[in-house]
Amino acid sequence: MEERFIGNMLGLSFMKWWFLLIPKVGMTLFVGYVCYMGWTNLGPHKPIPDVARMKAADHAVDKIVDSIQHNRGGMRSAALCHFANDTTDYFSRKLRERIEQSNILDLSDIDFSEKLRTVLNLRNKGATSADEARSATKRENVDCVLWGSLDRFESIKGGATLTGEWQLVDKNTGVVVCGGQIHEGAGSSNFVEAISTLGQSADDVEIAASVVPWYMRLLGFVLLVLLLPIVTISFIRTMVAKRSNKVNAFMLGVYTVIDMILAFFMVGGTFCSFAPVAVFLGASMLAFLYNVSLMSFALRLETE
């Protein structure tokens, strides 16, 4: 009997602690997610290259990777500095991806500050000289440093133009292992395909370049809509206890407006076509019905 009593007391203590903790954790998650979505949608945004510019960058990256593969000598590991003037991050990201896929060099991980700036949509400056690149990677245990800069990365009539330079430098001695000029013009055959598919690929490019994937926005919306009334259930019970239709309608309106704002962020903060409008209206209606059911449940708790 004594052991059962102690077990029941421990169980009650745990449940009490659990129900006290849920609102605090839920509110923390709610505030954090709202701040993140607010920054993502209202904070700085990086430019998105069109198909022609991406095709030019892909072609230039293939040439760089091929040159490194044939001229790297005894170099086996490297640190890749973000290319200067690569405001879209596309060129630097594509170059890292191709080198890692081909395994011609063992690249060190991206610097934490660069990862943070990328997540926050802030610009990455990159290195503008070999000495600056070596200094930025002095803590990396690698054989060489790959750096470069873009002079022009622009869309033009009939395609795009991309110019710049790159170098693979020995980290210890500063000797240039290999390097060259970057030059991709509108006359290349790959631009014909890029322009012909530009209209068809525009929507896909926009989705692929989205900072927050759609499923993350959807899950975040569902989480916040479900948690908001729960973490504030004591406040809702206090309001519905007043037995006032005006108060109840006001409360329902406030919670629904908050859900509509979250739904607006979920669809990407824009009504560019019928699809986001339909998703926004459907999500808002479901959130409204959920709020009605939670308030009805709170009212039943007060009348019992």
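As a convention, each chain's residues are numbered from 1 in the sequence order in which they are written. Given that the model is predicted, a residue must reach a pLDDT of at least 70 before its local features are reported, and side-chain atom pairs must reach 80 or more before they are shown or counted; all residues, however, enter totals for whole chains, interfaces and linings. Hydrogens are left out, water is left out, and the side-chain values use all remaining heavy atoms of the structure.

### A word on the sheet that holds strand β4 (residues 159-170)
Backbone-to-backbone hydrogen bonds pair the strands of a sheet. The strands run either parallel or antiparallel.
Move 1: In spatial order, the strands read β2-β1-β3-β4-β5; together these five strands make up an open sheet with mixed pairing. Strand pairing shows two members of the sheet lacking a second neighbour, β2 (106-107) and β5 (176-184), which therefore form its edges.
Move 2: With twelve bridges connecting them, strand β3 (residues 144-156) and β4 associate as antiparallel partners. The residue bridging Leu-150 from the neighbouring strand is Gly-164, located in β4. Here the rule is simple: two strands pair whenever DSSP picks up at least two bridges between them. Numbered from the N terminus, helices here are DSSP runs of H or I no shorter than four residues, and strands are runs of E no shorter than two.

### Examining the nonpolar core
Move 1: To define a nonpolar core, start from buried Ala, Val, Leu, Ile, Met, Phe, Trp, Tyr and Cys residues and group those joined through side-chain atoms within 4.5 Å. Residue burial is assigned from relative accessible area. The probe radius is 1.4 Å, only protein chains are included, and a residue is buried under 20% of its type maximum, exposed over 50%, and partly exposed in between. Ranked by size, the top nonpolar core spans 29 residues in total, and within it Ile-68 and Phe-91 carry the most contacts.
Move 2: When residues of this core are traced back to their parent elements, those giving at least two are α2 (51-71), β1 (77-80), α3 (90-102), β3, β4 and β5.
Move 3: Looking at this core element by element, the count peaks at nine residues for α2.
Move 4: Residues count as neighbours in contact if any of their non-hydrogen atoms are within 4.5 Å of one another. Excluding residues that lie within four positions of it along the chain, Ile-68 makes contacts with Ile-99, Ile-104, Leu-105, Leu-146, Trp-166, Leu-168 and Cys-178.
Move 5: Core analysis: the second largest hydrophobic core is formed by twelve residues, Phe-221, Leu-262, Met-266 and Leu-294 among them.

### Quick word on the packing of aromatic side chains
Move 1: Centre distance within 6.5 Å is the pairing criterion for rings of Phe, Tyr and Trp, where only the six-membered ring of Trp is used; planes under 30 degrees apart are then read as stacked, over 60 as edge-to-face, and the remainder as tilted. A full pass over the atoms with the stated rule returns two aromatic pairs.
Move 2: The interplanar angle of 45° and the centroid separation of 5.1 Å between the aromatic rings of Phe-83 and Phe-91 together place this pair among those described as tilted.
Move 3: Aromatic side chains Phe-264 and Phe-265 sit 6.3 Å apart centroid to centroid with 45° between the ring planes, which places their arrangement in the tilted category.
Move 4: Owing to a relative accessible area of 29%, Phe-264 belongs among the partly exposed residues under this scheme.
Move 5: Here Phe-265 falls in the buried class, since its relative accessible area comes to 13%.
Move 6: Cation over ring: Arg-53 sits above Phe-153, and NZ or CZ is 4.5 Å from the ring centre. Any Lys NZ or Arg CZ that is within 6 Å of a ring centre and within 35 degrees of that ring's normal is treated as a charge sitting over the ring.

### Points about unusual backbone geometry
Move 1: Located in the positive-phi region is Asn-85, a residue other than glycine, with phi close to 70°.
Move 2: The phi dihedral of Asp-89 is positive, around 70°, even though this residue is not glycine.
Move 3: On the secondary structure map, Asp-89 appears in the loop between β1 and α3.

### Points about helix α9 (residues 233-240)
Move 1: Within the sequence span of α9, burial applies to Ile-236, Met-239 and Val-240. Down the axis of α9, the buried side of the element spans an arc of 90°, and every buried residue falls inside it.
Move 2: Of the surrounding elements, those touching the buried residues of α9 are α8 (214-231), α10 (245-266) and α11 (274-303). Within this analysis, the arc is defined by the directions that extend from the helix axis to the C-beta atoms.

### Notes on the pattern of salt bridges
Move 1: Just to be clear on terms, a salt bridge is a Lys or Arg side-chain nitrogen sitting within 4 Å of an Asp or Glu carboxyl oxygen. Inspection of every chain in the model, using the stated rule, returns six salt bridges.
Move 2: We note a salt bridge from Arg-96 to Glu-100, for which the minimum N-O separation is 3.5 Å. Pair noted here: Arg-96 and Glu-100 are both in helix α3, with a separation of four residues, about one helical turn.
Move 3: On the basis of relative accessibility, which here comes to 11%, the residue Arg-96 falls in the buried class.
Move 4: When the shortest N-O distance is used, the salt bridge between Lys-115 and Asp-109 registers 2.9 Å.
Move 5: By relative accessible area, which is 35% here, Lys-115 ends up partly exposed.
Move 6: A residue is classified by how much of its surface remains accessible, and Asp-109, at 54% relative accessible area, is exposed.

### A few points about the pairing of β1
Move 1: The alternating pattern of β1 places Ser-77 and Ala-79 and Ala-78 and Leu-80 on opposite faces, both of which are buried.
Move 2: Pairing of β1 with β2 involves two bridges; the strand directions are parallel. In the sheet register, Ser-77 faces β2, and the bridge partner there is Asp-106.
Move 3: Look down the strands so they point away from you; if going from the first strand over the helix to the second traces a clockwise path, that crossover is right-handed. For the crossover that starts at β1, traverses α3 and ends in the parallel β2, the hand is right-handed.
Move 4: The pairing of β1 with β3 spans three bridges and is classified as parallel. Counted as the bridge partner of Ala-78 is Cys-144 from β3.

### Here we look at the side chain of Thr-163
Move 1: Inspection of the secondary structure assignment puts Thr-163 in strand β4.
Move 2: Residue Thr-163 is classed as buried on the basis of its relative accessible area, which comes to 16%.
Move 3: Setting aside residues up to four positions removed in sequence, Thr-163 forms contacts with Leu-150, Asp-151, Arg-152, Ile-182 and His-183.

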